[in-house]
Amino acid sequence: MAATKRFVQVTHLVEVTMDDEKFDADFMAEFTASFYPYDTLEEHAEHLGQMYARGIVGDRPNEFIEGYGPASEMGIAFRSVYCETDLES
């Protein structure tokens, strides 16, 4: 049996909640030194949202998120708003 390739476009809208006050200068400097050069809250929201959409992190309040620690301590929460798929022809 021959394998068939199919391309599926997935659009996932994720609501990311963060306690902005936890993302202070010290946190940003430490995160940048150890992980990625993110300077803004928006970059962190994008990073967290894509990790949630890809299933790397879940929506458990005390889940440990690499680089952030327990989600609840950083005020991080997720909500899937919608997920849409389209099979490319």
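Not measured: the values here are computed from a predicted model.

> Outline a negative patch on the surface, listing residues and values.
A contiguous patch of negative charge on the surface is contributed by Asp20, Glu21, Glu42 and Glu46. Its place among the elements puts Glu21 in the loop between strand S1 (8–17) and helix H1 (25–34). Judged by relative accessible area, which is 71%, Glu21 ranks as exposed.

> Any chance you could break down the environment of Ala77 for me, citing the residues and the numbers?
Along the chain, the position of Ala77 falls in strand S4 (residues 77–87). Expressed as a C-alpha distance, the spacing of Ala77 and Glu63, which sit 14 residues apart in the sequence, is 10.0 Å. If sequence neighbours within four positions are ignored, Ala77 has contacts with Glu15, Val16 and Thr17.

> How would you explain a nonpolar patch on the surface if you had to name every residue and give the values?
A grouping of Val8, Val10 and Leu87 is seen on the molecular surface, where their side chains present a nonpolar patch of about 280 Å² in accessible area. Relative to the helices and strands, Val8 resides in strand S1. The class of Val8 is partly exposed, set by a relative accessible area of 49%.

> Can you lay out the nonpolar core for me, pointing to particular residues and giving the numbers?
One recurring pattern in soluble globular proteins: nonpolar side chains tend to sit buried together. Counting residues in each nonpolar core, the largest one holds 17 residues, and the members touching the most others are Phe23, Phe27, Leu48, Ile65, Tyr68, Ile76 and Phe78. Secondary structure elements with two or more residues in this core: H1 and helix H2 (41–53). Not counting residues up to four positions away in its chain, the partners in contact with Phe78 are Val14, Glu15, Val16, Leu48, Gly49, Tyr52, Val57, Gly58, Asp59 and Ile65.

Conventions used here
- Residues numbered from 1 in each chain as written.
- Predicted model: local features only at pLDDT ≥ 70, side-chain atom pairs only at ≥ 80, totals over all residues.
- Heavy atoms only, no water.
- Patch = residues over 30% accessible without salt bridge, like charges linked within 9 Å, V, L, I, M, F, W, Y side chains within 5 Å.
- Areas by Shrake-Rupley, 256 points an atom, 1.4 Å probe, with all protein chains shown as cover.
- Salt bridge = Lys/Arg side-chain N within 4 Å of Asp/Glu carboxyl O.
- Lys, Arg positive; Asp, Glu negative; His and termini not counted.
- Charge placed at Lys NZ, Arg CZ, Asp CG, Glu CD.
- Helix = DSSP H or I, 4+ residues; strand = E, 2+ residues; numbered from the N terminus.
- Buried < 20%, exposed > 50% of the residue type's maximum accessible area, 1.4 Å probe, protein only.
- Contact = heavy atoms within 4.5 Å.
- Core = buried A, V, L, I, M, F, W, Y, C linked by side-chain atoms within 4.5 Å.

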